[in-house]
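# Architecture at a glance
Below are the chains, spelled out letter by letter.
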Amino acid sequence: MIVTLIVLCEIAFWVLLAAGLALRYVAKRPRLGGAVLLCEPLLELVLLVVTAVDLKNGAAPDWKHGLAAVYIGFTVGLGHSTIRWVDARVAHRFAGGPPPVRPPKYGMARAVHEWRVAGRWTLAAVTALALLQGAVWYVGGDGDVASLRSWQQTMLFVLGINLVIAASYTVFPKRDPGRERDTERVSGPPG
């Protein structure tokens, strides 16, 4: 039941997103479209309640309960940026909006961008970790919480990977190849 609900929440996320953007740009009802988009967090609330009730009714905690916590965490950390990303593209394509801003490719601007991305993933992972720990406490010492602990380790791995990526762009910033050629022209060949 939990996996089905996660799939339904994901489908509902995209349906609500499409409906909200259609109302905003096609029907020219931006407030109503915004209201529909604000319904997105209700999906996660329903999933959280159903998961808690399932555990309360004696279900053994397994990978499905952990997946529900991870899904909610990802939605909290990445849902808003996903909506903004899609909104910018729909506004440009169908409503004459400005072209979407592309992330910087080089230098410290790219490092700052990567730290922002890592921040969103960190929020997602920390939210999932907190929900998973809440589930561990909720189940108590009598239940087998190995699958929940496994999901926590996975979230720590995801968190670590994102921090390493962001740090690598800070320590080893990607250089603009066009600027390097310009610098060579100005300084002349070595010799």
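Shown above is the structure to which this text applies.
Summary of the structure given here. Everything quoted here is computed from the prediction, not taken from an experiment.

So, about the overall build of the chain. Each helix and strand counted, the chain has seven helices and zero strands in total. Each helix (α) and strand (β) of the chain, taken in turn from the N terminus, gives the series α-α-α-α-α-α-α. Against the 2.2 N^0.38 benchmark of 16 Å for 191 residues, the chain shows a C-alpha radius of gyration of 22 Å, more extended than a compact globule. Projected onto its principal axes, the C-alpha positions of the chain cover 75 × 50 × 20 Å. Within the chain, buried positions represent 34% of all 191 residues.

A separate point is the state of the cysteines. Under the defined criterion, the tally for this structure stands at zero disulfides. With no disulfide of its own, C39 has C9 as its nearest cysteine by sulfur position, at a separation of 13 Å. What makes C39 partly exposed here is its relative accessible area of 31%.

On to the nonpolar core. Of all hydrophobic cores here, the largest spans 18 residues; its most connected members are I6, C9, F13, L17, L21, L47 and Y71. The set of elements that each furnish at least two residues to this core consists of α1 (2-26), α3 (40-56) and α4 (63-95). Beyond its immediate chain neighbours, meaning those up to four positions away, I6 contacts L47, K64, L67, A68 and Y71. Core analysis: the next-biggest nonpolar cluster, separate from the first, contains 15 residues, A69, A128, M155 and L159 among them.

For L16, the position within the fold is in helix α1. Sequence-wise, L16 and L38 are 22 residues apart; in three dimensions their C-alpha atoms are separated by 9.2 Å. With residues up to four places along the chain from it excluded, the contact list for L16 reads V36, L37, C39, E40 and L43.

Time to look at the packing of α1 against helix α2 (residues 30-37). At a closest axis distance of 7 Å, the pairing of α1 and α2 adopts a crossing angle of 170 degrees. Here α1 lies roughly antiparallel to α2, going by the angle between them. Across the interface between the two elements, L16, L17, A19, G20, L23 and R24 of α1 pack against P30, L32, G33, G34, V36 and L37 of α2. Among the residues forming the contact of α1 with α2, the class breakdown is eight nonpolar, three polar and one charged.

Moving on to α1. Along an α-helix, residues three or four positions apart point the same way, because every turn accommodates 3.6 residues. Between its first and last C-alpha, α1 extends 35 Å over 25 residues, near the 36 Å set by a 1.5 Å rise per residue. Taken residue by residue, α1 has I2, L5, I6, C9, F13, L17, G20, L21 and Y25 as its buried positions. In this structure, the buried side of α1 is in contact with α2, α3 and α4.

Moving on: the packing of aromatic side chains. What the rule picks out here adds up to two aromatic pairs. Pairing F13 with W14 gives two aromatic rings, centres 5.1 Å apart and planes at 85 degrees, and the pair type is edge-to-face. By relative accessible area, which is 41% here, W14 ends up partly exposed. With centroids separated by 5.3 Å and ring planes inclined at 75 degrees, the aromatic side chains of F74 and W121 adopt a geometry described as edge-to-face. Taken together, the residues F74 in helix α4 and W121 in helix α5 (residues 107-139) connect sequence positions 47 residues apart. W121 sits in the partly exposed class, given a relative accessible area of 27%. One residue, R93, lies across the ring of F94, its end atom 5.5 Å from the ring centre.

Quick notes on the rules
Residues numbered from 1 in each chain as written. Predicted model: local features only at pLDDT ≥ 70, side-chain atom pairs only at ≥ 80, totals over all residues. Heavy atoms only, no water. Helix = DSSP H or I, 4+ residues; strand = E, 2+ residues; numbered from the N terminus. Rg over C-alpha atoms; globule rule 2.2 N^0.38 Å. Buried < 20%, exposed > 50% of the residue type's maximum accessible area, 1.4 Å probe, protein only. Disulfide = S-S within 2.5 Å. Core = buried A, V, L, I, M, F, W, Y, C linked by side-chain atoms within 4.5 Å. Contact = heavy atoms within 4.5 Å. Axes fitted to C-alpha atoms, helices over the stretch in contact; angles between N-to-C directions. Parallel < 35°, antiparallel > 145°, perpendicular 65-115°, else oblique. Nonpolar A, V, L, I, M, F, W, Y, C, P; charged D, E, K, R; others polar. Expected span 1.5 Å × (residues − 1). Phe/Tyr/Trp six-rings, centres within 6.5 Å; stacked < 30°, edge-to-face > 60°. Lys NZ or Arg CZ within 6 Å of the ring centre and 35° of its normal.

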